[in-house]
Amino acid sequence: MSHPDHLREDDQQRLKALLARSPDVTAAAGHVRTFAAIMTNRQGDELRHWIADVCADQQAAGLTGFAAGLIPDLDAVVYGMSTDWSSGPVEGRVNDLKALKRSMFGRAKPPLLRKRLLLIAASRRP
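Conventions we followed
- Residues numbered from 1 in each chain as written.
- Predicted model: local features only at pLDDT ≥ 70, side-chain atom pairs only at ≥ 80, totals over all residues.
- Heavy atoms only, no water.
- Phe/Tyr/Trp six-rings, centres within 6.5 Å; stacked < 30°, edge-to-face > 60°.
- Helix = DSSP H or I, 4+ residues; strand = E, 2+ residues; numbered from the N terminus.
- Buried < 20%, exposed > 50% of the residue type's maximum accessible area, 1.4 Å probe, protein only.

## Some details on the packing of aromatic side chains
Between two aromatic rings, the relevant description is the distance of the centres plus the angle of the planes. In this structure the tally under the stated criterion is three aromatic pairs. Measuring from ring centre to ring centre gives 5.5 Å for Phe 35 and Phe 66, while their planes differ by 85 degrees; the resulting arrangement is edge-to-face. With Phe 35 in helix α2 (residues 23-40) and Phe 66 in helix α4 (residues 61-70), this pair connects stretches of sequence that are 31 residues apart. Judged by relative accessible area, Phe 66 falls into the partly exposed class, the value being 41%. Between the aromatic rings of Trp 50 and Phe 66, the centroid separation amounts to 6.2 Å while the plane-to-plane angle is 75 degrees, which identifies the pairing as edge-to-face. Of the two residues, Trp 50 is situated in helix α3 (residues 47-56) and Phe 66 in helix α4; the sequence distance between them amounts to 16 residues. Taking relative accessible area as the criterion, Trp 50 reaches 4% and is therefore assigned buried.

If you want it as structure tokens, here you go:
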């Protein structure tokens, strides 16, 4: 799961040994690294080429389903991989709400839940 450059020496040796044993794993690892580079560098326009490469590679059969699953929403995926926009703050608020709701289930009515949620939101503002 880590970038190969960030692995310890013994883990790098194990990875090299594993890749030397199986051409299928080597092919899959190459495609996964390319996908990670596309995401990291926000090169969403390269995604179409990546999908075509994965679907054409017989050794990457395990990734074909994933690649094909991106096609129905390809425009949205390309846009999401090309911009700096993130839904992280919204997801954080949703997580706060769900955690609060679970912690007070059956013990509080909506007015108290609302007040506690607003207090949590205010405490997390920069």
